[in-house]
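Fold and contact review
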Amino acid sequence: MICCLTAGMFLCGCSGRAAKLEHPYSFEEREFPIEAEEAEREHEALFASDLCVVNDEGEFNPADTTSEAAALFDISGQQVLYSKNAFEQLYPASITKVMTLLLAVKYGNLSDSVTVTEEAMITEAGATLAGLKPGDTFTLEQLLYGLMLPSGNDAGSAIAIHMAGSIEAFADMMNEEAQKLGATGTHFMNPHGLTDENHYTTAYDLYLIFNEALKYQKFRDVTRATAYTANYVDGAGSQMTKTWEGGNWYMVGQRETPEGLVVFSGKTGTTQAAGYCLIMASRDQENKEYISVVLKAPSRPGLYDNMTKIITKIVD
């Protein structure tokens, strides 16, 4: 078990794609002028005093999971309970939408009316959609459910364009927020997670982003929902209704949660390049909370097999 260590925000960066950092927060091995080192250590305490930090993955058995990366964090006790390739840069698929939702609840006005534009339409084959059409008008709050429950890539684009004016400008917002959170192994190109070689993150960075997002009640409300019905106006001015449903197997009853745990938040993601991915939050019988993440599992059943193996460590 690795206890929370203090860490500096600017000393955990990754260079190059698919980089693996063996000691990303090892300040002892770095040489600084005395003044700079003292200032850095003051920043450490402020930045990571309440975070879990992976210092050494050697004590964990990588064979416990078959996914490319996986991690389990006790966010109540600031401890790392499992970590495998936590700093390897990988495609996050629709887990990207966690950052999109975070920005919306942190900086957006949820009562805003958002009219869907042609630019928000997604034409990539196989992309998951919320079924939006140009001219449809939703509130920003409604689009958050369209973003997360059916994993609507079109909803992600509509949110991005409304908040920032363009996909590119919103991606800049995402990257700025990632840097603020210390997620320096991350780079976003879009708000939904469709594959781009310059769109990547790490299991640890996703923990940092999800941990921040859980501080907002609206994020919790949206991500714990398993179904949502939106009443909206289409381009012709007609009143319309659309219902979206979630796909987290634990939350919809398709996979049994280990006894003693409740899954209360999460986001799945799947593309051919990313494999099967899932980040989620669970709570034990003492109301302690945990964040778990699995990236690049070989199949959907395998994704939940891997996730069950790591969250079982909470109650073992």
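Note: the structure precedes this text.
Presented here is a report on the structure given in the accompanying data block. (Residues numbered from 1 in each chain as written. Predicted model: local features only at pLDDT ≥ 70, side-chain atom pairs only at ≥ 80, totals over all residues. Heavy atoms only, no water.)

Even without being a glycine, S151 presents a positive backbone phi close to 60°. The phi dihedral of K296 falls on the positive side, at around 60°, and the residue is not glycine. Tracing the backbone shows K296 in strand β10 (residues 289-297). (Helix = DSSP H or I, 4+ residues; strand = E, 2+ residues; numbered from the N terminus.)

With that settled, consider the pattern of salt bridges. Under the definition given, this model contains ten salt bridges. Salt-bridge contacts for K313 lead to D64; the nearest nitrogen and oxygen are separated by 2.8 Å. One end of the pair, K313, is in helix α9 (residues 300-315); the other, D64, is in the loop between α1 (34-48) and β2 (69-74), with 249 residues separating them in the sequence. On the basis of relative accessibility, which here comes to 24%, the residue D64 falls in the partly exposed class. Counted as one network, the salt bridges with shared partners bring together K106, E177, E212 and K215. (Salt bridge = Lys/Arg side-chain N within 4 Å of Asp/Glu carboxyl O. Buried < 20%, exposed > 50% of the residue type's maximum accessible area, 1.4 Å probe, protein only.)

Our next topic: the packing of aromatic side chains. Considering all chains together, one arrives at twelve aromatic pairs under this definition. Ring geometry for F138 versus Y232: centroids 4.2 Å apart, planes at 20°, classification stacked. Of the two residues, F138 is situated in strand β5 (residues 137-139) and Y232 in strand β6 (residues 227-233); the sequence distance between them amounts to 94 residues. In this pair, the class of F138 matches that of Y232, namely buried. Within the aromatic cluster, the residues linked to one another by ring pairs are F138, Y145, Y228, Y232 and W244. (Phe/Tyr/Trp six-rings, centres within 6.5 Å; stacked < 30°, edge-to-face > 60°.)

Moving on, we get to the pairing of β10. In terms of burial, β10 is largely enclosed, as eight of its nine residues are buried. Pairing between β2 and β10: six bridges, direction antiparallel. Bridge pairing in β10 places L72 opposite S292. Of the pairings in the sheet, the one linking strand β9 (residues 275-283) to β10 comprises seven bridges and is antiparallel in character. (Pairing = 2+ DSSP bridges.)

Assignment of secondary structure puts D50 in the loop between α1 and β2. Residue classification places D50 among the partly exposed positions, given a relative accessible area of 41%. On a C-alpha basis, the gap between D50 and Q78 in space is 6.5 Å, while along the polypeptide they are 28 residues apart.

In this section: the environment of K106. Summarising the element assignment, K106 is placed in helix α2 (residues 97-107). Classification of K106 by relative accessible area gives partly exposed; the value is 27%. Counting along the chain gives 109 residues from K106 to K215, while the straight-line C-alpha distance between them is 9.9 Å. Within the structure, K106 has its side chain in polar contact with the side chain of E212 (distance 3.2 Å). (Polar contact = N/O pair within 3.5 Å; in protein donor to acceptor, adjacent residues only side chain to side chain.)

Axis separation between α2 and helix α3 (residues 140-148) bottoms out at 10 Å; the angle between their running directions is 170°. Looking at the two axes, α2 sits roughly antiparallel to α3. Every residue of α3 that contacts α2 at K97, T100, L101, A104 and V105 is listed here: L144, L147 and M148. In terms of residue class, the contact of α2 with α3 is built from six nonpolar, one polar and one charged. (Axes fitted to C-alpha atoms, helices over the stretch in contact; angles between N-to-C directions. Parallel < 35°, antiparallel > 145°, perpendicular 65-115°, else oblique. Contact = heavy atoms within 4.5 Å. Nonpolar A, V, L, I, M, F, W, Y, C, P; charged D, E, K, R; others polar.)

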